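Report on the structure
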Amino acid sequence: MTARTHDVAALAAFTVWVLAVPPGKTTVATGLTALLANQLGGIAPDIDQPTAPMWRNLPIGRYFGKIFGALVGGHRFFCHSLIGVAVFGLAAKVLLQFLQPIMPHVDIDFVWGAFLVGVLSHLVMDSLTKEGVPWLLPLPFKFGFPPIRAWRVTTGKWVENIIVLPGLIVLTTWLCATNYLTLADLIQSNLVR
Ligand SMILES: [Zn+2]
């Protein structure tokens, strides 16, 4: 899937997560940082390709991207598996603990959860594409849904752009609209300074 689809999918997953497991009292800083972490998580697994936004935006990023991609076994390999998720989770935890002193109003556990929700949404979305995802590495099988490969989405083609992406936008909007009071209540009474 393209980065744009992953962004919206991560936001949809974040909305579902917040509705399913409503957070307790938390700060505005936590809410904003969690949204940012969720969006970063949503595209994180694609750092295994040199064209990833992170590499593209660095001066000699493509070069590093190629080396990094080779180290993790190429696109849709290690970074697109459950062990990859565990490593992303560990790295994010260490980074958040390191940053905690300069952001004392941020609940890093909630931010960490939001990041992982983003990463998992990425794997779920890529499972809908023709290539599939090696969820259970080191087992060398790529899983996809639906199981028949021909029925799956081709990245960047019309099914993704005309059905999947607008579908996700409609789903997220619908979730927010139908749960408007719950979400408004969460924002108004749970977010503190
Ligand atoms: Zn991907």
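In what follows, the structure referred to is the one given above.
Let me sum up the structure you'll find in this document. (Residues numbered from 1 in each chain as written. Predicted model: local features only at pLDDT ≥ 70, side-chain atom pairs only at ≥ 80, totals over all residues.)

A few points about the overall build of the protein
Assigned secondary structure in the protein consists of eight helices and two strands. Written out in order from the N terminus, the α and β elements of the protein read α-β-α-α-α-α-α-α-α-β. When burial is assessed residue by residue, the protein has 34% of its 193 residues classed as buried. Restricting to contacts in the protein with at least 6 residues of sequence separation, those with at least 24 account for 73%. (Helix = DSSP H or I, 4+ residues; strand = E, 2+ residues; numbered from the N terminus. Buried ≥ 20, exposed ≤ 12 C-beta atoms within 10 Å, placed from the backbone. Contact = placed C-beta atoms within 7 Å.)

Comments concerning the packing of helix α1 (residues 3-20) against helix α6 (residues 108-127)
Look at α1 against α6: their axes get within 8 Å of each other, and the N-to-C directions meet at 125°. In terms of orientation, α1 and α6 fall into the oblique class. Every pair of crossing elements has a handedness; the one defined by α1 and α6 is right-handed. Contacts between α1 and α6 pair Thr5, His6, Ala9, Ala10, Ala13, Phe14 and Trp17 from the former with Ala114, Val117, Gly118, Ser121, His122 and Met125 from the latter. (Axes fitted to C-alpha atoms, helices over the stretch in contact; angles between N-to-C directions. Parallel < 35°, antiparallel > 145°, perpendicular 65-115°, else oblique. Left-handed = near helix turned anticlockwise from the far one by under 90°.)

Comments concerning the environment of glycine 24
If you trace the backbone, glycine 24 turns up in the loop between α1 and β1 (26-27). Residues glycine 24 and alanine 10, spaced 14 residues apart in sequence, show a C-alpha to C-alpha distance of 21 Å.

Overview of unusual backbone geometry
Geometrically, the link from leucine 137 to proline 138 is a cis peptide bond, its omega value of 10° lying close to zero. Omega for the bond connecting phenylalanine 145 with proline 146 falls within 30 degrees of zero, at -5°, which places this linkage in the cis form. When you line up the elements, proline 146 lands in the loop between α6 and α7 (158-178). In this structure, arginine 76 is a non-glycine residue whose phi angle is positive, near 55°.

A look at the environment of arginine 4
Mapping arginine 4 onto the fold places it in helix α1. Expressed as a C-alpha distance, the spacing of arginine 4 and methionine 54, which sit 50 residues apart in the sequence, is 14 Å.

Comments concerning the packing of helix α5 (residues 82-99) against α6
Where α5 contacts α6, the axes come no closer than 10 Å and their chain directions differ by 150°. Between α5 and α6, the crossing angle belongs to the class labelled roughly antiparallel. In this structure, the crossing between α5 and α6 has a hand that is right-handed. Contact residues: α5 offers Val85, Phe88, Gly89, Ala92, Lys93, Leu96 and Gln97, while α6 offers Ile108, Val111, Trp112, Phe115, Leu116, Val119 and Leu120. Per-class residue counts for the contact of α5 with α6 are 11 nonpolar, two polar and one charged. (Nonpolar A, V, L, I, M, F, W, Y, C, P; charged D, E, K, R; others polar.)

Worth remembering: the numbers are spatial, not functional.
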